[in-house]
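Remarks on the overall topology
Chain by chain, the residues run as shown.
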Amino acid sequence: MQKSTIQFSITKVIIVLFFASCSSVNVVKDYESVSIEKQLFQNTYFNNSDIDYVYKANISVYGNNLTGIFIAKKINRTTHRVVFTTEFGNKLFDIEISETEFRINSIVDELNKKILINTLKNDFRLLFKTDFLVSEQYQNKTYKVIKSTDNNNFNYLFFTTSNNKLDKIIHTTKTKEKISISFSSENNIFAQNIIVQHYNIPMQIEFNYLKQNQ
């Protein structure tokens with residue numbers, strides 16, 4: 001019974017990923033352009049190879065939900081390994097990902113669909129990206145924002161002016177906002193809650209940290 005439920009949920013997630021809409025980008029409309037403080041920013045979230053990052057994850061698409069356990073580990077300077085299981089311990093996928101490489105160690109047939117794999121690949125690459133070359137910088141009363149070129153796209157990183165914590169990343173093309181990642185953390189080292197939101201489809205992934213003794 002549980003396997004049938006999992007397969008049904010995965011199938012619904014795959015189907016709704018085919019439907020997309022457009023949006024316009026105007027990320028820093030009300031921000032003032034300021035001088036660049038430094039040329040390179042390094043994101044420290046998911047950047048410690050001594051830590052197993054374990055979260056309860058929920059993927060929501062058009063009201064359909066898939067819940068499981070998400071485990072991420074930095075295995076070398078450029079690569080992370082990600083394992084996603086059901087809450088009962090059944091492995092859904094096991095992948096290795098860097099900015100230039102993507103390797104699937106294992107994946108269930110229901111998830112082995114090109115559109116879903118490409119969506120998750122883009123999400124994880126942005127989530128695990130460490131180095132951002134700064135091309136422009138902006139600021140208002142709430143946020144300091146750095147803009148970084150990402151091939152033909154852009155990443156906007158928002159830091160709170162009160163404590164200089166990385167609060168969110170917005171990934172865009174030249175004309176559209178594509179993905180945002182919001183972080184809730186006590187510092188710039190570890191995020192307790194992460195929300196990945198897509199602009200072109202109603203898809204959201206939420207990660208909530210699981211303590212090792214839970």
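The present account deals with the structure reproduced in this document. (Residues numbered from 1 in each chain as written. Predicted model: local features only at pLDDT ≥ 70, side-chain atom pairs only at ≥ 80, totals over all residues. Heavy atoms only, no water.)

By the bridge criterion, seven bridges tie strand 3 (residues 53–61) to strand 14 (residues 203–209) in an arrangement that is antiparallel. By the bridge assignment for strand 14, A57 is matched with F207. Here strand 13 (residues 191–198) runs beside strand 14; their pairing, made up of five bridges, is antiparallel. If you follow V196 over to strand 14, its bridge partner there is I205. Linking strand 13 back to strand 14 in an antiparallel pair, the connection comprises four residues. (Pairing = 2+ DSSP bridges. Helix = DSSP H or I, 4+ residues; strand = E, 2+ residues; numbered from the N terminus.)

Attention now goes to unusual backbone geometry. As a rule of thumb, non-glycine residues mostly have phi less than zero, and peptide bonds are mostly trans rather than cis. Although it is not a glycine, F46 sits at a positive phi angle of roughly 60°. For F46, the location among the structural elements is in the loop between strand 2 (40–42) and strand 3. Phi is positive for N151, close to 55°, though the residue is something other than glycine.

Moving on, we come to the environment of T79. Topologically, T79 is positioned in the loop between strand 4 (64–74) and strand 5 (80–85). Residue class for T79 comes out buried when judged on its relative accessible area of 10%. Through-space distance from the C-alpha of T79 to that of F128 is 8.7 Å; in sequence the pair is 49 residues apart. Non-local contacts of T79, meaning those with residues more than four positions away in its chain, are made with K73, K74, E96, I97 and S98. (Buried < 20%, exposed > 50% of the residue type's maximum accessible area, 1.4 Å probe, protein only. Contact = heavy atoms within 4.5 Å.)

Within this structure, the stated rule accounts for 18 aromatic pairs. Measuring from ring centre to ring centre gives 6.1 Å for Y55 and F190, while their planes differ by 10°; the resulting arrangement is stacked. Of this pair, Y55 sits in strand 3 while F190 is found in the loop between strand 12 (177–185) and strand 13, placing the two residues 135 residues apart along the sequence. Each member of the pair, Y55 as well as F190, carries the same accessibility label: buried. Taking 4.5 Å as the distance between ring centres and 55° as the angle between the ring planes, the aromatic pair formed by F70 and F207 counts as tilted. (Phe/Tyr/Trp six-rings, centres within 6.5 Å; stacked < 30°, edge-to-face > 60°.)

For the rest of this paragraph, the subject is the environment of K38. Within the secondary structure, K38 is located in the loop between strand 1 (32–34) and strand 2. A sequence separation of 95 residues divides K38 from L133, and the C-alpha atoms of the two residues are 8.9 Å apart.

This part takes up the pairing of strand 5. The buried fraction of strand 5 is high, at five of six residues. Sheet topology note: the strand 4/strand 5 ladder contains six bridges and is antiparallel. Across the sheet, I69 pairs through a bridge with T85, a residue of strand 5. A loop of five residues connects strand 4 with strand 5, the two strands running antiparallel in sequence. Alignment of strand 5 against strand 6 (residues 91–97), held across six bridges, turns out to be antiparallel. Each residue of the ladder has a partner; that of V83, found in strand 6, is D94.

Between its terminal C-alpha atoms helix 2 (residues 114–128) stretches 21 Å, which fits the 21 Å expected from 15 residues at 1.5 Å a residue. Three or more residues of helix 2 are buried, namely L116, I117, T119, L120, K121, D123, F124, L126, L127 and F128. (Expected span 1.5 Å × (residues − 1).)

What follows covers the nonpolar core. Core analysis: the largest hydrophobic core is formed by 42 residues, its most contacted members being F46, F70, F124, I194 and F207. For this core, the element with the most residues is helix 2, which contributes six residues. The residues touching F46, leaving out its near neighbours within four places in the chain, are Y53, Y55, F70, A72, K74, H80, L127, F128 and I194. Membership of the second largest hydrophobic core comes to 10 residues, among which are V28, Y31, Y143 and F154. (Core = buried A, V, L, I, M, F, W, Y, C linked by side-chain atoms within 4.5 Å.)

Worth remembering: the numbers are spatial, not functional.
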